[in-house]
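If you want the building blocks of each chain, they are given just below.
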Amino acid sequence: MGGRTRGELSVLPESELAGGAWYPATPMQQGLWVLDRDELLRPTQLVPSVVEFTGTVDHPLLVSAVRLALGRHPSLRARFRLDLKHRRVEYSTHEEPADAGFLDAAAEGWTEDEIDRLVQALCGTPFDLAAEAPARAEVIRTGADRTLLVLTSHHIVFDGLSRTMLLEEIFSIYRAGLADVEPELSNPPHPASVVATPSAQDVAAQVEEVVERLRGAPTEVPLPFERSGAAKEETSLLGTTITTGLDPERTAGALAVASEEGCTTFMLGVALLAGTLARRSTQRDFLIAFAWPGRDHPDAADVIGMFITTVVLRVSLEPDTTWRELLGNARISSMEAFMDSDVPLDAISARLNPDRNALWPPLTPVLLNLDDAPHAPVLAPGVTGRLRPLDPLYIKYDLALFVRVEDGADGRRLELSLDYPADVDDHSTVSAFLSDLRRSAADLATSPEETVLEQSMDAIDLDDPAQRLDLVRSIWQEVLQSDDIEDDVSFFESGGDSLLLVVLVERLSQASGRMLRTVDLFRSATVSGQADLLAAPSTEPRKAPAPADGRLGMLDAARNRRATEEAV
């Protein structure tokens, strides 16, 4: 990387963007076109979004807004073909755009199961890239104050940033319509006008450099699960998701240590993933894939299209590497990968893993990405929105970690989500791995100078009742400075007091990776009771209760709490 001078980049001028013209696909688009030829992989090439709105929605106006947004962007009108003479994939953007439909499922008496099946079809049915627009949309009224917007595009013309931009554009057009004003919209450039293509000589030099940097690293990673041998091939790409969050205090600590080392949240995720994988195996050298935005051209920032490239970084650690040092390693590895983000992954994979027997993934089964999807889309005043989880979820990688920092009422939280195959033999092993990730984050936040591989406690399987009991009992012994601990005697009867209970909360939270509160341990005051608290990871961060509004507010809060407790 250092000192290399790249050749001139080739960019199509606006004068060549004539109607009816065919443009060469980018290397990434060509790779996605090839993957779309595989029937098994076709659903994994889709980018679906299901937005659920609660409140009064003007459905004709929303449909009109979606149609206007879909028709404005050349990428969403693209058709693809293979040019045999030049041996390249190319596309045109002069065909008709995608349409948006409307279904009043509530008025027509659709059941929830029927609606769910329709949503699954809209999200999972592949496109004919040669004959139809690579996008579809449906507005579905499911109740008096409930509406779904189902938007699906093909990855060959659509990336994560495109999804955010298109949704925001739809919502902006809708709000302008409500106000009876013209929406303020930019004139989107053609994607071919902002794509830079390096020379073949530069590409060859970059490939050689990346290959040398990655050479020798294992292309396999010990995964925290075994896949079912009886799984059918057509279901092998179906996935599921599990999520947890770090409490605000440890989140602040982890982000502070990362900042001190010049690391972004992404680099923090690299360190946590590599450190946790190393703690669970003898491997110390890892290849991790990630998605690079690929919008290097200054005009590409606002273009809906497919600019993402898949990049692989290499991060390693030694037996005496500390968390702070691992962050430094992650930063250097990430920066090296960023610099060569435009190198074709296929060319690298052909050199480093020539014996691979699958189209994808080509070099490593592990992916790490930032989760930047809008979790609470805003359509209009009085209308709340949320992105619904995808069902089914299609995955490309055996294990994908998504990292997100979410602002909440009680502070910022580091959220960790794992996508993994639905056909694993034992899902509890993935839960245990997620707990290990949380524990790694807690260790990094509180003990950054400690070595990564020297955990404060031996790795604990929190799904094993005996190991949970041993963990809690050992920490009681440490806090109370006594070996005479009984599993069914309360903490206070065993010699504890309020101050020591706070210490116990901190030690148990740190050792288990669970988010515990003093009131939890007060209510479950025995070793066995507290061991039960550690039985399962929290799937989502706790939210601070909304402030009660006077006496009536307090009464309502009490009723809601009682109703919730009775329902459990």
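A few points on the structure. (Residues numbered from 1 in each chain as written. Predicted model: local features only at pLDDT ≥ 70, side-chain atom pairs only at ≥ 80, totals over all residues. Heavy atoms only, no water.)

### Points about the sheet that holds strand 1 (residues 23-24)
Taken in spatial order, the three strands make up an open sheet running 1-4-3, and their pairing is antiparallel. The open sheet has two edge strands with one neighbour each: strand 1 and strand 3 (79-83). Of the strand pairs in this sheet, strand 1 and strand 4 (residues 88-92) are connected by two bridges, and their pairing is antiparallel. Pairing of Y23 across the sheet is with Y91, part of strand 4. Along the sheet, helix 1 (residues 27-36) contacts strand 3 and strand 4; its crossing angle with strand 4, the most-contacted strand, is approximately 100 degrees. (Pairing = 2+ DSSP bridges. Helix = DSSP H or I, 4+ residues; strand = E, 2+ residues; numbered from the N terminus. Contact = heavy atoms within 4.5 Å. Axes fitted to C-alpha atoms, helices over the stretch in contact; angles between N-to-C directions.)

### A look at the packing of helix 6 (residues 248-260) against helix 10 (residues 428-446)
Contact geometry of helix 6 with helix 10 gives a least axis separation of 8 Å together with a crossing angle of 65 degrees. Along this stretch, helix 6 crosses helix 10, giving a crossing that reads as left-handed. For the pair helix 6 and helix 10, contact is made by R250, G253, A254 and V257 and by A441, A442, L444, A445 and T446, respectively. Here the residues of the contact of helix 6 with helix 10 sort into six nonpolar, two polar and one charged. (Left-handed = near helix turned anticlockwise from the far one by under 90°. Nonpolar A, V, L, I, M, F, W, Y, C, P; charged D, E, K, R; others polar.)

### Concerning the pairing of strand 8 (residues 238-245)
Here two bridges tie strand 8 to strand 14 (residues 393-394), and the two strands are oriented antiparallel to one another. Note that in strand 14 the partner of L238 across the bridge is Y394. In the sheet, strand 8 pairs with strand 16 (residues 411-421) via seven bridges, with the strands oriented antiparallel. Across the sheet, T240 pairs through a bridge with Y420, a residue of strand 16.

### Some words on the pattern of salt bridges
Inspection of the entire model under this criterion finds 31 salt bridges. Between D99 and R67 there is a salt bridge; the shortest N-O distance is 2.8 Å. Within this pair, whereas D99 is found in the loop between strand 4 and strand 5 (100-104), its partner R67 is found in helix 2 (residues 59-72), the two being separated by 32 residues in sequence. On the basis of relative accessible area, D99 is assigned to the partly exposed category, the value being 49%. (Salt bridge = Lys/Arg side-chain N within 4 Å of Asp/Glu carboxyl O. Buried < 20%, exposed > 50% of the residue type's maximum accessible area, 1.4 Å probe, protein only.)

### Describing the packing of aromatic side chains
One pass over the full model with this rule turns up 10 aromatic pairs. Relative to Y420, the ring of F225 lies with its centre 6.3 Å away and its plane at 40 degrees, an arrangement referred to as tilted. With a gap of 195 residues between them, F225 in the loop between helix 5 (200-214) and strand 8 and Y420 in strand 16 connect regions that are remote in the sequence. With relative accessibility at 7%, the residue F225 sits in the buried group. Where W476 meets F491, the ring centres are 5.2 Å apart and the plane angle is 80 degrees; that geometry is what we call edge-to-face. One end of the pair, W476, is in helix 11 (residues 465-480); the other, F491, is in the loop between helix 11 and helix 12 (498-512), with 15 residues separating them in the sequence. In this structure W476 comes out as buried when scored by relative accessible area, which is 0%. An aromatic cluster of at least three residues, connected via ring pairs, comprises F266, F290, W292 and F338. Sitting above the plane of the W22 ring, R81 keeps its charged end 3.8 Å from the centroid. (Phe/Tyr/Trp six-rings, centres within 6.5 Å; stacked < 30°, edge-to-face > 60°. Lys NZ or Arg CZ within 6 Å of the ring centre and 35° of its normal.)

### Details of the sheet that holds strand 6 (residues 135-143)
Reading across the sheet, the six strands line up as 5-6-7-2-13-12 and stay open at both edges, with mixed pairing between neighbours. Each having just a single partner strand, strand 5 and strand 12 (378-380) make up the two edges of the open sheet. The average undirected angle you get between the axes of adjacent strands in this sheet is 20 degrees. In terms of strand pairing, strand 2 (residues 46-54) meets strand 13 (residues 383-387) through four bridges, oriented antiparallel. Following the sheet pairing, T54 is matched in strand 13 by T384. The strands touched by helix 3 (residues 112-124) within the sheet are strand 2, strand 5, strand 6 and strand 7 (146-154), with strand 7 carrying the most contacts at an inclination of about 25 degrees.

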